[in-house]
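Inside the fold
As a plain string of letters, each chain reads:
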Amino acid sequence: MSHGVAPAGPFEQPASFEFSAENKAWADKIIARYPAGRQQSAIVPLLDIAQRQSGGWLPRAAMEYLAGLLGMAVIRVYEVASFYTMFNMAPVGKHLVQVCTTTPCWLRGSDAVLAACKSRLGIDINQTTPDGTFSLMEAECLGACVNAPMMQVNDDFYEDLTAETTLKVLDALARGETPKTGPQIDRQTSCPEGGPTTLTTFKAAGE
């Protein structure tokens, strides 16, 4: 299991793995960015492609395939994959919910966000719902400190959360909807809440 996230139940490792034609072409372009003898530097983006093709996790066969593709020892691929929390070596839910609890988010109420996730999903940190829809993780800084508290669901950020807006996001995902990403309050990206307070008028050149 990757980084403590438990799958919904028993799972099997696939016997083999190979990039799809589209992903192989994508991988070849990435590998070509590196000079001769430095192809192993492509391991992180290739692990990401393999994980996406595999439905959000990295089977052993995928890591072995990448080792052969890049001329690496398999253990070196395992070392990279197990170091980064972005890689999962066991199946995770369709929606991987990562709640940031680092200091800026904690000061702004991440405890309430995490509690809302636990309550609504019926699981604890590092668990997956029995139906395989959601997995819940506690994450270190995700880089959206000015919009704290926040959580990441798969590739999307949900920011300026409260317990109530967290529940709205989770409920929308459970219904198969796509919730609004970014700030969940009235502000654009990281602008002041309620709109700009300076530079609110425009003058043409020469005025």
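Now for a quick tour of the structure. (Residues numbered from 1 in each chain as written. Predicted model: local features only at pLDDT ≥ 70, side-chain atom pairs only at ≥ 80, totals over all residues. Heavy atoms only, no water.)

Attention now goes to the sheet that holds strand β3 (residues 134-139). Ordered by their spatial adjacency, 6 strands build an open sheet running β2-β3-β1-β4-β5-β6, and the pairing between neighbours is mixed. The sheet terminates laterally at β2 (127-128) and β6 (182-183), the two strands that pair on one side only. Of the strand pairs in this sheet, strand β5 (residues 156-159) and β6 are connected by 2 bridges, and their pairing is parallel. Bridge pairing in β6 links Glu159 to Pro183. Lying on the sheet, helix α6 (residues 110-121) is in contact with β1 (95-100), β3 and β4 (151-153); it crosses β1 at an angle near 150 degrees. The strands that helix α7 (residues 163-174) touches are β1, β3, β4 and β5; relative to β4, the one it contacts most, it runs at about 5 degrees. (Pairing = 2+ DSSP bridges. Helix = DSSP H or I, 4+ residues; strand = E, 2+ residues; numbered from the N terminus. Contact = heavy atoms within 4.5 Å. Axes fitted to C-alpha atoms, helices over the stretch in contact; angles between N-to-C directions.)

A word on the layout of surface pockets. Of the pockets and cavities examined, the largest pocket occupies roughly 540 Å³. In this structure, the largest pocket is lined by 22 residues; those nearest its centre are Gln51, Met86, Leu96, Gln98 and Asn154. Counting only elements with at least two residues in the lining of the largest pocket, the list comes to α2 (43-53), β1 and β3. The residue makeup of the lining of the largest pocket, split by class, is 6 nonpolar, 10 polar and 6 charged. (1 Å grid on protein atoms, 1.4 Å probe; cavity = no way out; pocket = protein on both sides within 12 Å on 5 of 7 lines; lining within 4 Å. Points joined across faces, edges and corners; volume = space filled by probe spheres on them. Nonpolar A, V, L, I, M, F, W, Y, C, P; charged D, E, K, R; others polar.)

This part takes up the pairing of β1. Counting buried positions along β1 yields 6 of 6 residues, so the element is predominantly enclosed. The alternating pattern of β1 places His95, Val97 and Val99 and Leu96, Gln98 and Cys100 on opposite faces, both of which are buried. Note: β1 against β3, 6 bridges, orientation parallel. For Val97, the partnering residue across the bridge sits in β3 and is Leu136. Here β1 pairs with β4 via 3 bridges, running antiparallel. When the bridges of β4 are listed, Val99 appears paired with Met151. (Buried < 20%, exposed > 50% of the residue type's maximum accessible area, 1.4 Å probe, protein only.)

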